[in-house]
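Reading the structure
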Amino acid sequence: MIATPDRTPLPRDFFDRPVLDVAPDLLGRILVRTTPDGPIALRLTEVEAYDGQNDPGSHAYRGRTPRNAVMFGPPGHVYVYFTYGMWHCMNLVCGPEGKASAVLLRAGEIIEGAELARTRRLSARNDKELAKGPARLATALDIDRAQDGVDACASDETPLRILAGTPVPSDQVRNGPRTGVSGEGAVHPWRFWVADDPTVSPYRAHVPRRRRT
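These numbers were taken from a predicted model, which means no experiment stands behind them. (Residues numbered from 1 in each chain as written. Predicted model: local features only at pLDDT ≥ 70, side-chain atom pairs only at ≥ 80, totals over all residues. Heavy atoms only, no water.)

**So, the overall build of the protein**
- Secondary structure assignment for the protein yields four helices and nine strands.
- Listing each helix as α and each strand as β along the protein from the N terminus yields β-α-α-β-β-β-β-β-α-α-β-β-β.
- Relative to the globule expectation of 17 Å for 213 residues, the C-alpha radius of gyration of the protein, 16 Å, shows essentially globular dimensions.
- Oriented by its inertia axes, the alpha-carbon framework of the protein measures out at about 50 × 40 × 35 Å. (Helix = DSSP H or I, 4+ residues; strand = E, 2+ residues; numbered from the N terminus. Rg over C-alpha atoms; globule rule 2.2 N^0.38 Å.)

Structural data, given as structure tokens:
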């Protein structure tokens, strides 16, 4: 018998921990996105940890900028960035305020509001692909820079909340290199995912972008 997911919101203390503790613990948790068209709920199945100024792969490695300011806290807030001039990606800020770290939400299973997510992800061949990858996840949930800085630990009126869900047992959690990270940060095995889950995105090593001549 499958237990009903816990709908209790995660407290801020959950996020006020080292990012490598928070990241795997987010698997199985539920992200609820409230929109004017209705709610969408997603069970997290894949994440990546980024450890600020200790991590060459992090946006905050070289310090605070207007773009990454939300990463410096408070914990439990949403950090959204725009990449390749095309896509948004969503992160959850972790650790003590003033020390930047965040977890990139890479993939999940839409468990409520799939019909709404489908209208935003017309290219998805099936529901398993609706949020299979960080840009797809953000698109399915209608996430953009307007959500940057949102407090995911606030009241029910917030557009984004994280619920307790059903945590994934440790023996079902896998980890390995982060997708698309180059340089020294490429060696960190800080990508975490649910074993054998069909919504997890495929691993891709970093490929340098060629400049047009």
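Read on, since the account is not over.
**Topic: the side chain of S58**
- For S58, the location among the structural elements is in the loop between strand 3 (38–50) and strand 4 (78–83).
- Overall, the relative accessible area of 8% leaves S58 in the buried class.
- Looking at S58, its side chain comes within polar contact range of the main-chain nitrogen of A60, at 3.0 Å. (Buried < 20%, exposed > 50% of the residue type's maximum accessible area, 1.4 Å probe, protein only. Polar contact = N/O pair within 3.5 Å; in protein donor to acceptor, adjacent residues only side chain to side chain.)

**Here we look at the nonpolar core**
- Ranked by internal contacts, the top residues of the largest apolar core, which has 44 residues, are F15, L26, L92, V103, L105 and I110.
- If one sorts the elements of this core by residue count, strand 3 sits on top with five residues.
- Core analysis: the next-biggest nonpolar cluster, separate from the first, contains 13 residues, V70, M71, Y81 and C89 among them. (Core = buried A, V, L, I, M, F, W, Y, C linked by side-chain atoms within 4.5 Å.)

**Remarks on unusual backbone geometry**
- Along the chain, G73 connects to P74 via a cis peptide bond; the corresponding omega equals 5°.
- Of note, D142 is a non-glycine position whose phi angle comes to about 60°, a positive value.
- On the secondary structure map, D142 appears in the loop between helix 4 (134–140) and strand 7 (160–165).
- One non-glycine residue, D196, adopts positive backbone phi at about 65°.
- The residue D196 is located in the segment after strand 9 (191–194) in this model.
- Residue classification places D196 among the exposed positions, given a relative accessible area of 78%.

**Thoughts on the packing of aromatic side chains**
- Here the structure, examined in full by the defined rule, presents two aromatic pairs.
- When the centroid spacing of 5.0 Å and the interplanar angle of 75° are considered together, the rings of F14 and F15 count as edge-to-face.
- Judged by its relative accessible area of 9%, F14 falls in the buried class.
- Given the relative accessible area of 0%, F15 is considered buried.
- Taking 5.7 Å as the distance between ring centres and 40° as the angle between the ring planes, the aromatic pair formed by Y79 and Y81 counts as tilted.
- Residue placement shows R17 over the ring face of F14; its charged tip is 4.6 Å from the ring centre. (Phe/Tyr/Trp six-rings, centres within 6.5 Å; stacked < 30°, edge-to-face > 60°. Lys NZ or Arg CZ within 6 Å of the ring centre and 35° of its normal.)

By themselves these figures say nothing about function.
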